Amino acid sequence: MVYDFKKIEQKWQKIWEEQKIYKVYEDTKKPKYYCLEMFPYPSGKLHMGHVRNYSIGDVVARYKRMNGYNVLHPMGWDAFGLPAENAAIKHKIHPAKWTWDNINNMKRQLKELGISYDWDREVATCHPDYYKWTQWFFLKLYEMGLAYRKKAYVNWCPSCATVLANEQVVDGKCERCGTEVGKKNLEQWFFKITEYAEELLEDLKKLPGWPEKVKIMQQNWIGKSEGVEVYFTAEKTNDKIAVFTTRPDTIFGVTYLVLAPEHPLVNTLCEGTPYEKEVKEFQKKMEKLNEITRTSTETEKEGLFIGAYAINPVNNERIPIWIANYVLLDYGTGAVMGVPAHDQRDFEFAKKYNLPIKLVIKPAEGDWKTEEMEKAFTDEGVLINSCTFTGMQSEEAKKEIGKFMEQRGIGKITINYKLRDWLISRQRYWGAPIPIIYCEKCGIVPVPEEQLPILLPENVEFNPKGTSPLLLCEEFLNTTCPKCNSPAKRETDTMDTFMCSSWYYYRYTDPKNSEKPFDETKLKYWMPVDQYIGGVEHAILHLMYSRFFNKAMRDAGLVHVDEPFTNLLTQGMVLKDGAKMSKSLGNIVSPEEIVEKYGADTARLFILFASPPEKDLEWSDQGVEGCFRFLSRVWRLVEELSEKFAEPVKNEHIDKNARRLIHKTIKKVTTDIEERFNFNTAISAIMEMVNGINSLKEEISGDVVKEAAENLLLMLAPFAPHITEELWERIGNKGSIHLMSWPKYDEKAILEEEVEVVVQVNGKVRAKILVPADITEKELESMAISNEKISSYLQNKQIIKIITVPNKLVNIVVK
């Protein structure tokens, strides 16, 4: 029979669906295993990155299922977001239709890949049954004081006409459309993720199953630093200006103060000065720049004196106040102190604008003169020009000066974080509406729980105008206040789609529940996720937000775990010609075309065989063809072996060698999957077994032939589910191979009867000998010395010593 992959794959996909063999229920008699790949945005077509992600997850799920685990392996759709709205504008089609058409197509593609999902648990974040609970969770966060509204400068994409989080701005441009991002001052909704900054940082230690690089990325994003908040005084108004510094030991070297151009004191302080007009122009210029651009090391530092002064609280020195592009209102306190002698950025800024440089720390040995400085002195040293602290070591001075300022009420020892609160407002239509009502009498009023979901209206206009399309929809906008029944307005912003993806892993545990987001008993059974799989590009946004959301819901008494994802695998990219696949480069390989030409099993096998999961994978047409040839060889071999099942024993020695190969392979594949997810080396071991059994097939007895065929199929099943299912049936087995137990290796069968030992004379290889595996050290040395090849090298020589490594090496040292 020819390997007809199309017929085989269609046959088994239909059977799996009809018999629902991957449907899962809570079963306390079995250990649970929750395997989850990050759900996709329904763009319409799977790409090779998707195929890799889902194939990796499927191997894990199938392997764990065969090892007796009750496996939850669900799939859904991260379905809200700008692309659908942009498509609505471009194609004059409603975002809902565009999204659901894409979901249907991608679902078909996933089924054609043979991924073992429980499709009865499918979720889509744009479905009212789902976003009802997204809105419910918003209300929970609001009740907890973790959701709040304030006016803030935000990243604004004029093309997409929406707010962007900092993480969605790449090199100063919108990650979606590539347009230069500017600033806008808008009323926005935020989640208070900063309340959990310390726990988010500390609990990274509880995640040994996460890649170190992801934990480091999160540590850097949270950006914890210990220091002192110093209170300078504005000379003109007597207002306190708080400045956070990690270098209180340099406080006597401050020669200027820099405020963010947006700082609320700037306009007051420059009013009536000759600098007022220039300051206003500088502020307008900054409004057009996003935070990423302003703080980039490649951006030239620009500043302007505002015509006002501040008083340094430790020495009462009068210092000028500047504004500069690199100081941001939402980072720290929106003000920084300039210490050019001991900070390189300040040094360059001072040199550019001819500001004073005052040395207050010098090296422990030697001297350092201000006029000779070519760069800032940033090392530890000894304080100078620092009043009573002169002569103190800088590290000690940090603590002592901090205490000094606290005692006098001019500063406070504190901890600062770079992490900012999560801005969730989006001025777009295709997202979960924020369940808030604005009443002139009652103010901000949360929508009552029984009125959820707040449905998206269907009749809206999709033209970006800088405000939410929902603002133009009267039937949505106008409502009644739940408190006083007066006419009121709905919030027209929708939620950042990361809110939807911050809790979807909960919903999979109980996706059909209409009374609550999940049943606590079911959640307790399945959570946390045992293995999470997805791209490293989600290290900050999705993974940080999900961790925050989980902790907040734990504090609300809704979940029982501290961390949602126990283990994390970040798979590498799929490259072609050394670059990431993209339309612009013209190097995209269509999964559908590969499945059509070679079959799903070949596509899966290649993408798992070509590289370790965490490494980038270089696409190879020859590699795909090679995997297809291998599966064809497996097909022929199993067919041939099945004809020999009933043959009597022929050669005991050959049978032992065959069983040794079978069980060594089982051990190798088991270890590679279980301990390291080294699917590439596991597949390689299976390939070696196929070659070995193929060479021995004429001489192996019937029972060993059957053992070889069945174990080969069982090990290959997670990687190539269709061909193994078909062959399992063809060799006479009942029931799905995917519901069988994973094979156990026989240690006795693995033991070698004979091993090859290298024999050296003075470190040079002179012979290789076959010896019994259980040979003693003395017997091994005797065999080595008496070997015909070796004896010629020993003539007229004195043996000084013999170095023996059992079963591997004998080195005879002579002179």
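The rules behind the values
Residues numbered from 1 in each chain as written. Predicted model: local features only at pLDDT ≥ 70, side-chain atom pairs only at ≥ 80, totals over all residues. Heavy atoms only, no water. Phe/Tyr/Trp six-rings, centres within 6.5 Å; stacked < 30°, edge-to-face > 60°. Helix = DSSP H or I, 4+ residues; strand = E, 2+ residues; numbered from the N terminus. Lys NZ or Arg CZ within 6 Å of the ring centre and 35° of its normal. Pairing = 2+ DSSP bridges. Domains from an automatic or database assignment. Polar contact = N/O pair within 3.5 Å; in protein donor to acceptor, adjacent residues only side chain to side chain. Contact = heavy atoms within 4.5 Å. Buried < 20%, exposed > 50% of the residue type's maximum accessible area, 1.4 Å probe, protein only. Core = buried A, V, L, I, M, F, W, Y, C linked by side-chain atoms within 4.5 Å. Expected span 1.5 Å × (residues − 1). Arc of directions from axis to C-beta. Axes fitted to C-alpha atoms, helices over the stretch in contact; angles between N-to-C directions. Parallel < 35°, antiparallel > 145°, perpendicular 65-115°, else oblique. Left-handed = near helix turned anticlockwise from the far one by under 90°. Nonpolar A, V, L, I, M, F, W, Y, C, P; charged D, E, K, R; others polar. Salt bridge = Lys/Arg side-chain N within 4 Å of Asp/Glu carboxyl O.

(A) Seen up close, the packing of aromatic side chains. Enumeration according to the criterion identifies 49 aromatic pairs in this entry. Between Tyr142 and Trp189, the aromatic rings sit 6.0 Å apart at their centres with planes inclined by 65°, giving edge-to-face as the arrangement. Of this pair, Tyr142 sits in helix 5 (residues 128-143) while Trp189 sits in strand 9 (residues 182-191), placing them 47 residues apart in sequence. Summarising the aromatic geometry, the rings of Tyr429 and Trp430 are spaced 6.0 Å apart at their centres and angled 25° between planes, so their arrangement reads as stacked. Between the NZ or CZ atom of Arg318 and the centre of the ring of Tyr309, over which it lies, the distance is 3.7 Å.

(B) Representation of the sheet that holds strand 28 (residues 574-576) in the model. One open sheet holds the three strands; their spatial order is 29-28-30, and the pairing between them is mixed. One side of each edge strand has no neighbouring strand; the edge strands of this open sheet are strand 29 (579-580) and strand 30 (617-618).

(C) Summary view of the domain arrangement of the chain. As far as domains go, the chain holds domain 1 (24-124 + 502-585), domain 2 (136-192 + 421-497), domain 3 (224-417), domain 4 (620-739) and domain 5 (754-814). Between the C-alpha centres of domain 2 and domain 5 there is a distance of 80 Å.

(D) Examining the side chain of Arg660 more closely. Structurally, Arg660 can be placed in helix 21 (residues 652-676). Within the local environment of Arg660, its side chain forms a polar contact with the backbone oxygen of Leu751, the two atoms lying 3.1 Å apart. Once residues within four sequence positions are removed from consideration, Arg660 is found in contact with Ala749, Ile750, Leu751, Glu752 and Glu753.

(E) Representation of the environment of Val805. By the element assignment, Val805 lies in strand 33 (residues 799-805). Of the residues examined, Val805 reaches a relative accessible area of 34% and is grouped as partly exposed. With 636 residues separating them along the chain, Val805 and Val169 place their C-alpha atoms 59 Å apart.

(F) Main features of the nonpolar core. Counting residues in each nonpolar core, the largest one holds 183 residues, and the members touching the most others are Phe137, Phe138, Leu141, Tyr506 and Phe719. For this core, the element with the most residues is helix 22 (residues 679-696), which contributes ten residues. Ignoring anything within four residues of it in the chain, the contact list for Phe719 reads Val59, Arg604, Leu605, Leu608, Ile673, Phe679, Ala682, Ile683 and Ile686. Counting residues in each nonpolar core, the second largest holds 40 residues, with Ile321, Met392, Phe404 and Ile410 among its members.

(G) Fine view of helix 4 (residues 95-112). With 18 residues, helix 4 extends 26 Å between its outermost C-alpha atoms, agreeing within 8% with the 26 Å of an ideal straight helix rising 1.5 Å per residue. Regarding helix 4, the residues found buried are Pro95, Trp98, Thr99, Asn102, Ile103, Met106, Lys107, Gln109 and Leu110. Buried residues of helix 4 fall within an arc of 160° about the axis and therefore sit on the same side. For helix 4, the elements touching its buried residues are helix 2 (48-66), strand 3 (76-77), helix 3 (82-91), strand 4 (123-124) and helix 18 (591-598). At the exit of helix 4 stands Gly114, carrying a positive phi of roughly 75°.

(H) Expanded view of the packing of helix 21 against helix 23 (residues 702-716). It is the contact of helix 21 with helix 23, at a shortest axis distance of 10 Å, that shows an interaxial angle of 15°. With respect to each other, helix 21 and helix 23 are oriented roughly parallel. Here helix 21 and helix 23 pass one another in a crossing that is left-handed. Contact residues: Asp655, Ala658, Arg659, Ile662, His663, Thr665, Ile666 and Val669 in helix 21; Val704, Glu707, Ala708, Asn711 and Met715 in helix 23. In terms of residue class, the contact of helix 21 with helix 23 is built from seven nonpolar, three polar and three charged.

(I) Representation of the pattern of salt bridges in the model. Overall, the coordinates contain 54 salt bridges when judged by the stated rule. Two residues, Glu276 and Lys280, come together in a salt bridge whose shortest N-O distance is 3.3 Å. With Glu276 and Lys280 both in helix 9 (residues 276-287), this residue pair falls four residues apart, about one helical turn. Judged by its relative accessible area of 35%, Lys280 is partly exposed. As a salt-bridge pair, Glu675 and Arg676 come within 3.7 Å of each other at their nearest N and O atoms.

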